[in-house]
Amino acid sequence: MPRVPFHYIDLRTFCYATEDEKRVEEAIRAFLPEEFDLDRMENTGHHGDRIVVLSARVENADEMRHILDRLAELDDIDRVIEELDERVDDNCSFFMRLDKQAAFQDEIRLGDGITLRAKVEAYPAKHEAAVENAREALEQSRS
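Residues numbered from 1 in each chain as written. Predicted model: local features only at pLDDT ≥ 70, side-chain atom pairs only at ≥ 80, totals over all residues. Heavy atoms only, no water.

As recorded in an unreviewed UniProt entry, the protein goes by RNA-binding protein and comes from Halohasta litorea.

What follows is the structure, given as structure tokens:
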């Protein structure tokens with residue numbers, strides 16, 4: 001089984017007062033293994049509206065592989081790989097935004113609504129090494 005060069009993968013989405021929380025939860029769960037626990041935090045927006053933050057931190061290698069396998073379904077995965085230099089910051093974090101509406105329909109697309117942040121393992125912790133490790137992981141998951 002290939003190595004997973006991430007310390008963890010975080011997924012986060014917001015559920016606004018105009019959205020159905022169960023549907024938003026289904027959307028984020030499209031990326032997660034079955035029965036994975038979500039963190040739920042309720043906030044109040046600037047105008048007093050309810051905002052629920054749903055998030056998950058995945059640290060287990062098999063569970064991270066599950067997320068990578070879902071990301072491999074992206075039609076734009078080659079574009080993501082090409083953009084890794086911009087998608088990985090100097091702290092070795094890889095960022096990606098995913099379409100919440102598509103995820104609710106069990107489709108994987110780039111877009112707005114779900115934020116993915118993955119802490120890339122890199123020794124030494126340098127941007128170039130992190131980009132290469134992220135590239136390797138994404139290329140392995142699509143093959």
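Undergrad: Please explain the overall build of the protein as it appears in this structure.
TA: Helices and strands together make up the secondary structure of the protein, namely 6 helices and 5 strands. Beginning at the N terminus, the succession of helices and strands in the protein can be written as β-α-β-β-α-α-α-β-α-β-α. Relative to the compact-globule value of 15 Å for 143 residues, the protein shows a C-alpha radius of gyration of 15 Å, a close match. Residues classed as buried in the protein amount to 47% of the 143 residues present. Look at the contacts in the protein between residues 6 or more apart in sequence, and 64% of them connect residues 24 or more apart. Surface summary for the protein: the accessible area is close to 8100 Å², and the carbon and sulfur share equals 43%. The distance from the centre of the 20 positive side-chain charges to the centre of the 35 negative ones in the protein is 3 Å. (Helix = DSSP H or I, 4+ residues; strand = E, 2+ residues; numbered from the N terminus. Rg over C-alpha atoms; globule rule 2.2 N^0.38 Å. Buried < 20%, exposed > 50% of the residue type's maximum accessible area, 1.4 Å probe, protein only. Contact = heavy atoms within 4.5 Å. Areas by Shrake-Rupley, 256 points an atom, 1.4 Å probe, with all protein chains shown as cover. Lys, Arg positive; Asp, Glu negative; His and termini not counted. Charge placed at Lys NZ, Arg CZ, Asp CG, Glu CD.)

Undergrad: Sorry if this is basic, but what is going on with the nonpolar core here?
TA: The nonpolar side chains of a soluble globular protein tend to be buried, and buried together. Formed by 40 residues in total, the largest nonpolar core has its most connected members in F31, F94, M96 and L116. Sorting the residues of this core by element identifies β1 (6-16), α1 (21-29), β3 (50-58), α2 (61-71), α3 (77-82), β4 (93-99), β5 (113-120) and α6 (127-142) as the ones contributing at least two each. No other element matches α6, which puts 5 residues into this core. If we skip the residues at most four places from it in the chain, F31 touches L11, H66, I67, R70, L71, L98, A103, I108 and I114. (Core = buried A, V, L, I, M, F, W, Y, C linked by side-chain atoms within 4.5 Å.)

Undergrad: Hey, could you run me through the environment of A129 in this one?
TA: One can find A129 in helix α6. Residues A129 and C92 lie 37 residues apart in sequence; the distance between their C-alpha atoms is 8.5 Å. Sequence-distant contacts of A129, defined by excluding residues within four places in its chain, comprise A122 and P124.

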